[in-house]
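Residue-level structure breakdown
For reference, the chains in residue letters:
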Amino acid sequence: MDKKQNIDDRLEKEQQIISQDDLDTLLHINEFIDQDENDSLVCELKHAILDSGKLSLGQWQSLRTHLQEIEELIPHIDLIIKLKKER
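Attention in this report is confined to the structure presented alongside it. Quick caveat: nothing in here was measured; it's all calculated off a predicted structure. (Residues numbered from 1 in each chain as written. Predicted model: local features only at pLDDT ≥ 70, side-chain atom pairs only at ≥ 80, totals over all residues. Heavy atoms only, no water.)

1. A look at the pattern of salt bridges
Defined as follows: For this analysis, a salt bridge means a side-chain nitrogen from Lys or Arg found within 4 Å of a carboxyl oxygen belonging to Asp or Glu. Partly exposed residues are those whose accessible area sits between 20% and 50% of the maximum for their type, while under 20% is buried and over 50% is exposed, using a 1.4 Å probe and protein chains only.
If you walk through the whole model with that rule in mind, you get 2 salt bridges. Salt-bridge contacts for Arg64 lead to Glu71; the nearest nitrogen and oxygen are separated by 3.1 Å. In this structure Arg64 comes out as partly exposed when scored by relative accessible area, which is 37%. Classification of Glu71 by relative accessible area gives partly exposed; the value is 40%.

Okay, structure coming up:
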């Protein structure tokens, strides 16, 4: 086997191994998805709204920005769900 082939093989193997960042991201996503109903993001938001003094104006604005980012992703998530169901 030539040197270039060895390098290509090593690169391919490295790409197949999940990185720590990828793993952390997957775990974070799973924690977000698999939350108990009483411990969910929606539940936390409801509690914050009921006790609006918990968050400062800046925190509310930051929260709204993050929610807008999620809203922008919803059509993409819906498409993925639709395509996976059709499979």
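Still more ground to cover, so stick around.
2. Observations concerning a nonpolar patch on the surface
Note the threshold: For patch building, the residue pool is restricted to those with more than 30% relative accessible area and no salt bridge; the joining distance is 9 Å between like charges and 5 Å between nonpolar side chains (Val, Leu, Ile, Met, Phe, Trp, Tyr). To be clear on the numbers: accessible area is Shrake-Rupley with a 1.4 Å probe, and residue cover counts the displayed protein chains and nothing else. Secondary structure elements are defined from DSSP: runs of H or I of at least 4 residues count as helices, runs of E of at least 2 residues count as strands, and each element is numbered from the N terminus.
Together, Leu41, Ile70 and Ile74 make up an exposed nonpolar region whose accessible area comes to about 210 Å². Structurally, the position occupied by Leu41 is in helix H3 (residues 41–50). Under the relative-accessibility criterion, Leu41 is labelled partly exposed at 32%.

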